[in-house]
Amino acid sequence: MAAAPIKDGLSQPPDTKETRKACALQEEPGAVEENGHTAKRFKPDHEEQNKKTPKRKVVLLMAYSGKGYHGMQRNVGSSQFKTIEDELVQALVGAGCIPENHAEEMKKMSFQRCARTDKGVSAAGQVVSLKIWLIDNVVEKINEHLPSHIRILGLKRVTGRFNSKNSCDARTYSYTLPTFAFLLKDHETQEESFRLSQETLGRVNELLALYKGTHNFHNFTSQKGPWDPSAKRYIMEMHCEPPFQQGGLELAVIKVKGQSFMMHQIRKMIGLVIAVVKGYAPMSVIERSWGEEKVDIPKAPGLGLVLERVHFEKYNRRFGNDGLHESLDWAEEESKIESFKKEHIYPTIIQTEIQEKSMSTWLTTLPIHDYDASSTQNTGNHKGEAAVQAVSDEEGGSD
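Residues numbered from 1 in each chain as written. Predicted model: local features only at pLDDT ≥ 70, side-chain atom pairs only at ≥ 80, totals over all residues. Heavy atoms only, no water.

As annotated in an unreviewed UniProt entry, the chain is Pseudouridylate synthase 1 homolog from Pelobates cultripes. Per UniProt, the chain carries the Sequence similarities (unreviewed entry) text "Belongs to the tRNA pseudouridine synthase TruA family." (UniProt positions renumbered as here; feature names shortened; annotations may be inferred.)

Given below as structure tokens:
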């Protein structure tokens with residue numbers, strides 16, 4: 001008896017396209033068939049679809065108002081203190097740029113921030129590096145899931161080994177403050193009516209210029225002794241710009257550019273200059289603070305500190321013109337940066353100062369500091385302190 005003929009197609013392997021489609025679908029219960037059994041409906045699994053597309057290493061240019069947040073860096077598993085990265089990661093998942101498990105283990109997307117800005121500190125030019133799925137209109141879709149005071153202003157492809165922290169050559173911060181901070185002590189002029197003279201501005205810049213170069217800033221942070229090599233920092237530029245009026249106050253902006261900064265370093269650098277200009281401390285205290293002895297240095301309020309820009313000169317020279325990658329100078333995004341500062345950062349600084357008077361309150365504490373103290377009794381075991389690494393602003397953090 002002859003064998004039955006094999007029907008067309010039964011001996012053929014299954015269609016690979018159909019197999020892939022089936023794998024990319026997931027069951028969705030809920031529908032009921034006519035016989036009463038639950039039907040199996042299918043919907044596309046976007047995460048499965050994205051898995052077929054390799055992730056790419058990119059950098060995101062971020063701007064944010066830091067008021068109400070406990071800094072930039074995310075504390076996974078802790079919802080008590082909300083950070084900027086909490087908002088960012090949630091937006092990345094919502095936009096379909098990363099899978100949910102990457103949100104819990106950020107190392108899976110090779111995430112790195114350039115600076116770990118401190119509580120309340122804002123940024124106009126923060127940069128983070130990470131691997132994401134490059135979906136269509138990626139920047140717009142991320143921003144759709146972010147509050148208006150946090151924006152992604154730009155995105156660029158970078159080399160696979162790029163690390164925003166390690167590749168950064170320098171950081172520029174600004175500190176916006178009311179000019180009455182430089183009013184001489186015991187002066188009868190009302191704070192609101194004070195106007196900064198050219199002579200006083202020159203005096204401020206004379207003092208700020210002393211910081212330029214490499215110095216031992218162990219007195220400008222915590223838990224670092226004078227023998228700790230990481231306490232030495234290089235300052236490229238520091239100056240105070242001409243004042244301007246806004247919101248009924250005269251304000252001035254201090255700019256500082258350095259390779260990196262330790263926790264509270266910038267605020268203490270500015271706090272000490274204010275103490276000298278106002279007449280509470282001698283000019284010599286600045287250079288004395290770089291010595292081995294412990295010096296009592298006041299820390300200016302956090303309000304007003306902004307991460308303005310991060311610099312990648314070495315990376316740009318090597319890869320910026322290789323035909324494959326873009327230079328990380330963000331010149332085309334400059335107008336967006338300025339608009340964000342005017343809309344979200346400066347108004348917050350001014351309104352908070354007017355309402356909470358943080359600078360006025362802090363100025364009343366300047367007389368309690370002992371600027372002439374030269375005793376080492378409070379220095380403790382500096383070599384032991386050197387082993388305790390203080391969290392640094394730019395080495396993963398902000399001032």
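Caption draft 1: Spatial organisation of the overall build of the chain. The helix and strand inventory of the chain stands at 12 helices and 12 strands. Expressed as a percentage of its 399 residues, the buried residues of the chain come to 48%. Relative to all contacts within the chain whose residues are 6 or more apart in sequence, the contacts with residues 24 or more apart total 75%. For the chain, the accessible area works out to roughly 20,300 Å², and carbon and sulfur atoms hold 48% of it. (Helix = DSSP H or I, 4+ residues; strand = E, 2+ residues; numbered from the N terminus. Buried < 20%, exposed > 50% of the residue type's maximum accessible area, 1.4 Å probe, protein only. Contact = heavy atoms within 4.5 Å. Areas by Shrake-Rupley, 256 points an atom, 1.4 Å probe, with all protein chains shown as cover.)

Caption draft 2: The arrangement of the packing of helix α6 (residues 198-209) against helix α7 (residues 265-278) in detail. α7 packs onto α6 with a crossing angle of 135 degrees between their chain directions and a minimal axis gap of 10 Å. Taken together, α6 and α7 sit at an angle that is classed as oblique. Crossing geometry of α6 relative to α7 is assigned as right-handed. Along the contact surface, α6 presents T200, R203, V204, L207 and L208, while α7 presents V273, V276 and V277. (Axes fitted to C-alpha atoms, helices over the stretch in contact; angles between N-to-C directions. Parallel < 35°, antiparallel > 145°, perpendicular 65-115°, else oblique. Left-handed = near helix turned anticlockwise from the far one by under 90°.)

Caption draft 3: Spatial organisation of the side chain of N316. Here N316 is to be found in helix α9 (residues 313-319). For N316, a relative accessible area of 14% gives the class buried. Apart from residues no more than four positions distant in its own chain, N316 is found in contact with N321, S327, L328 and D329.

Caption draft 4: Layout of the pairing of strand β12 (residues 305-311). Burial analysis of β12 places six of its seven residues in the buried class, the great majority of the element. In this structure, strand β5 (residues 122-132) lies alongside β12, joined through two bridges in parallel fashion. Within β12, the position partnered with A123 by the bridge is L307. (Pairing = 2+ DSSP bridges.)

Caption draft 5: Looking closely at unusual backbone geometry. One non-glycine residue, H264, adopts positive backbone phi at about 70 degrees. With respect to the secondary-structure elements, H264 resides in the loop between β11 (249-258) and α7. Phi is positive for K357, close to 50 degrees, though the residue is something other than glycine. Tracing the backbone shows K357 in the loop between α10 (334-356) and α11 (358-363). The partly exposed category is assigned to K357, whose relative accessible area is 40%.

Caption draft 6: Summary view of the environment of L328. Within the secondary structure layout, L328 lies in the loop between α9 and α10. Considering only alpha carbons, one finds L328 and H311, 17 residues apart in sequence, at a separation of 7.9 Å. Setting aside residues up to four positions removed in sequence, L328 forms contacts with V59, K156, V158, F162, F312, Y315 and N316.

Caption draft 7: Region of interest: α6. A rise of 1.5 Å per residue sets the reference length of α6, with its 12 residues, at 16 Å; its end C-alpha atoms lie 16 Å apart and thus fit the reference within 8%. What α6 keeps buried is the set T200, L201, V204, L207 and L208. Projected down its long axis, α6 carries its buried residues within an arc of 125 degrees, all on one side. In α6, the exposed residues that point more than 90 degrees away from the buried face are Q198 and E199. (Expected span 1.5 Å × (residues − 1). Arc of directions from axis to C-beta.)

Caption draft 8: Highlighting helix α3 (residues 84-95). Here α3 spans 17 Å end to end across 12 residues, near enough to the 16 Å set by a 1.5 Å rise per residue. Counting buried positions along α3 gives nine out of 12 residues, so the element sits mostly inside the fold. Looking at α3, one finds that the buried residues are I84, E85, D86, E87, L88, V89, A91, L92 and A95. Where α3 is buried, its residues contact β3 (56-64), α4 (100-104), β4 (112-113), β5, α5 (138-144) and β6 (150-157). Positive backbone phi, approximately 85 degrees, marks G96, located one or two places after α3.

Caption draft 9: Spotlight on the UniProt feature "binding site: substrate" (unreviewed entry) in the chain. The UniProt feature table records "binding site: substrate" (unreviewed entry) at Y173. Here Y173 is to be found in strand β7 (residues 170-178). Among the residues examined, Y173 registers a relative accessible area of 0% and is labelled buried.

Caption draft 10: View of the pattern of salt bridges. Under the defined criterion, the tally for this structure stands at 13 salt bridges. Where E105 meets K108, a salt bridge forms, and the shortest distance between an N and an O atom there is 3.7 Å. Since its relative accessible area comes to 39%, K108 is described here as partly exposed. When the shortest N-O distance is used, the salt bridge between E241 and K255 registers 3.3 Å. You can see E241 sitting in the loop between β9 (232-240) and β10 (244-246) and its partner K255 sitting in strand β11, a full 14 residues away along the chain. Among the charged side chains, a network of salt bridges with common partners joins E308, E338 and K341. (Salt bridge = Lys/Arg side-chain N within 4 Å of Asp/Glu carboxyl O.)

Caption draft 11: Structural view of the state of the cysteines. Under the counting rule described, the total for this entry stands at zero disulfides. C114 forms no disulfide, and the closest cysteine sulfur to it belongs to C168, at a distance of 3.4 Å. (Disulfide = S-S within 2.5 Å.)

Caption draft 12: Region of the structure containing the confidence of the model for the chain. Of the residues in the chain, 79% reach a pLDDT of 70 or more, and the chain-wide mean stands at 83. Element-level mean pLDDT values for the chain span from 36 in helix α12 (residues 382-386) up to 98 in α6. For the stretch residues 1-14, pLDDT sits under 50, and the model shows two contacts to residues farther than four places along the chain or on other chains. Note on residues 16-44: pLDDT under 50 across the span, and 31 contacts to partners over four residues away in sequence or across chains. (pLDDT = per-residue confidence, 0-100.)

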